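# Understanding the architecture of this molecule
Below are the chains, spelled out letter by letter.
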Amino acid sequence: MNPDILCLGEPMLEFNQQPDGMYLPGHGGDTSNCAIAAARQGANVGYVSHIGQDAFGDSFMALWTSEGVDTSNVVQVADAHTGIYFVTHGEEGHDFSYFRAGSASSRMTPGDLPVDALRSAKILHLSGISQGISDSAADTGFAAIEIVRKAGGLVSYDTNLREKLWPVARARAVIHAAVAQCDVALPGLDDAIILTGLSDPQDIVDFYLALGAKTVALTLGPEGTLVGIAAESRLIPGRKVKAVDATGAGDTFDGAFLAHFVDSGDAFAAAHFANAAAALSTQGFGAVAPMPYASDVKTFLASDPPG
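Cut-off values and rules
- Residues numbered from 1 in each chain as written.
- Predicted model: local features only at pLDDT ≥ 70, side-chain atom pairs only at ≥ 80, totals over all residues.
- Heavy atoms only, no water.
- Helix = DSSP H or I, 4+ residues; strand = E, 2+ residues; numbered from the N terminus.
- Rg over C-alpha atoms; globule rule 2.2 N^0.38 Å.
- Contact = heavy atoms within 4.5 Å.
- Salt bridge = Lys/Arg side-chain N within 4 Å of Asp/Glu carboxyl O.
- Buried < 20%, exposed > 50% of the residue type's maximum accessible area, 1.4 Å probe, protein only.
- Pairing = 2+ DSSP bridges.
- Axes fitted to C-alpha atoms, helices over the stretch in contact; angles between N-to-C directions.
- Polar contact = N/O pair within 3.5 Å; in protein donor to acceptor, adjacent residues only side chain to side chain.
- Parallel < 35°, antiparallel > 145°, perpendicular 65-115°, else oblique.
- Left-handed = near helix turned anticlockwise from the far one by under 90°.

The next point concerns the overall build of the chain. Helices and strands together make up the secondary structure of the chain, namely 11 helices and 13 strands. In terms of C-alpha radius of gyration, the chain reaches 18 Å, essentially the compact-globule figure of 19 Å for 307 residues. Taking the principal axes of the C-alpha coordinates as reference, the chain spans close to 50 × 50 × 40 Å. A fraction of 70% describes how many contacts in the chain between residues 6 or more apart in sequence connect residues 24 or more apart.

Shown next as structure tokens:
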């Protein structure tokens, strides 16, 4: 059975700085994180990517298998490497340093896409990073969107701006073109301010709705998520926890949101659950390890009131 949710993008091995200055290895890459977060909520999810025939690529294949993420549409190639990145922490939050030039994922083309799997998916999820790593990756993202839309599936898009990848003007053009073709837009506030030139959350939600998205879930950090559809907008309150590392919070939100949205279509309920999952994911270091399972989120929701 083909996955209900397909995530497209680049996985990257992560080295996350610890309080003692040492670096803890782990797994990252926004759409890979999203896939794992969705799988931990019980969703039928798969990944689409190219990775290297190297130790890091093998590590990802083992990770996805252990997490229940379908890997039948992941290809390991001999002539390119798996990307890596480092996370450092300071007074202004976490900072990323990437080593991904020429990576296997960045060399994907539209001809590499698994057409049959995309046609049968209920939701395709990709991001600004999925398209920002190279020109061919941008083309591949648009081709995947077209395949899914023509087959009647939904498209989810996280704007996820990385200014180190490409100039803001090009990022804005590509991301907005993609959002115009998506059903679910998942922007973060900081990125949205840069991309839209707006600062008011409701104005940003309205902007993305007018652009073409059917549902917008604008994440506001600890404040929660402003969810907008054609009929209404509603602030879904955040959850208070003692956070130590927010590296994977946005990706956890995406995965938990899609896991609940794929069947129900209820964006407000999906955001309620995803806010809790994202909050729990900030209580440990790294992108993947702290991601909660569905049972953890349900227990947290039962014991902790909104606010």
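Moving on, we come to the pattern of salt bridges. Enumeration according to the criterion identifies 8 salt bridges in this entry. One salt bridge connects Asp95 with Lys164, and the closest N-O pair in it is separated by 3.8 Å. Placement of Asp95 in strand β7 (residues 93-99) and of Lys164 in the loop between β9 (154-158) and α6 (168-179) is noted, with a sequence separation of 69 residues between them. Accessibility expressed as a relative area gives 38% for Asp95, which makes it partly exposed. The class of Lys164 is exposed, set by a relative accessible area of 57%.

What follows concerns the sheet that holds strand β2 (residues 12-17). The 4 strands lie next to each other as β3-β2-β6-β7, forming an open sheet whose pairing is mixed. Both outer strands of the open sheet, β3 (23-28) and β7, are each paired with one neighbouring strand and no more. On average, each strand axis in the sheet is inclined to that of its neighbour by 25°, with strand direction left out of account.

Below, the discussion takes up the environment of Ser127. Here Ser127 shows up in strand β8 (residues 123-127). Relative accessible area serves as the criterion here: at 0%, Ser127 is assigned to the buried category. Here the alpha-carbon distance between Ser127 and Ala230, two residues 103 residues apart in the chain, equals 23 Å. The residues contacting Ser127, other than those within four sequence positions of it, are Asp30, Thr31, Tyr157, Asp158 and Asn160.

Quick look at the pairing of β3 now. Of the pairings in the sheet, the one linking β2 to β3 comprises 6 bridges and is antiparallel in character. The residue bridging Glu14 from the neighbouring strand is Gly26, located in β3.

Moving on, we come to the environment of Ser134. Topologically, Ser134 is positioned in the loop between α4 (128-132) and α5 (135-150). Residue Ser134 is classed as buried on the basis of its relative accessible area, which comes to 18%. On a C-alpha basis, the gap between Ser134 and Ala101 in space is 8.8 Å, while along the polypeptide they are 33 residues apart. A polar side-chain atom of Ser134 sits 3.2 Å from a polar atom in the side chain of Ser136.

This paragraph deals with the packing of helix α1 (residues 30-40) against helix α9 (residues 249-264). Between α1 and α9, the shortest axis-to-axis distance is 7 Å and the interhelical angle comes to 45°. Considered as vectors, α1 and α9 are oriented oblique to each other. Once α1 is placed against α9, the crossing between them reads as right-handed. On α9, the residues that touch Asp30, Asn33, Cys34, Ala37 and Ala38 of α1 are Asp251, Thr252, Asp254, Gly255, Ala256, Leu258 and Ala259.

Moving on: the pairing of strand β6 (residues 83-90). Side-chain direction in a regular strand flips from residue to residue, so the side chains alternate between the two faces of the sheet. Examined bridge by bridge, β2 and β6 share 5 bridges and lie parallel to one another. The residue bridging Glu14 from the neighbouring strand is Tyr85, located in β6. Where β6 lies against β7, 7 bridges are found, and the strand directions are antiparallel. Following the sheet pairing, Phe86 is matched in β7 by Ser97. Hairpin connection between β6 and β7: a loop of 2 residues separates the two successive antiparallel strands.

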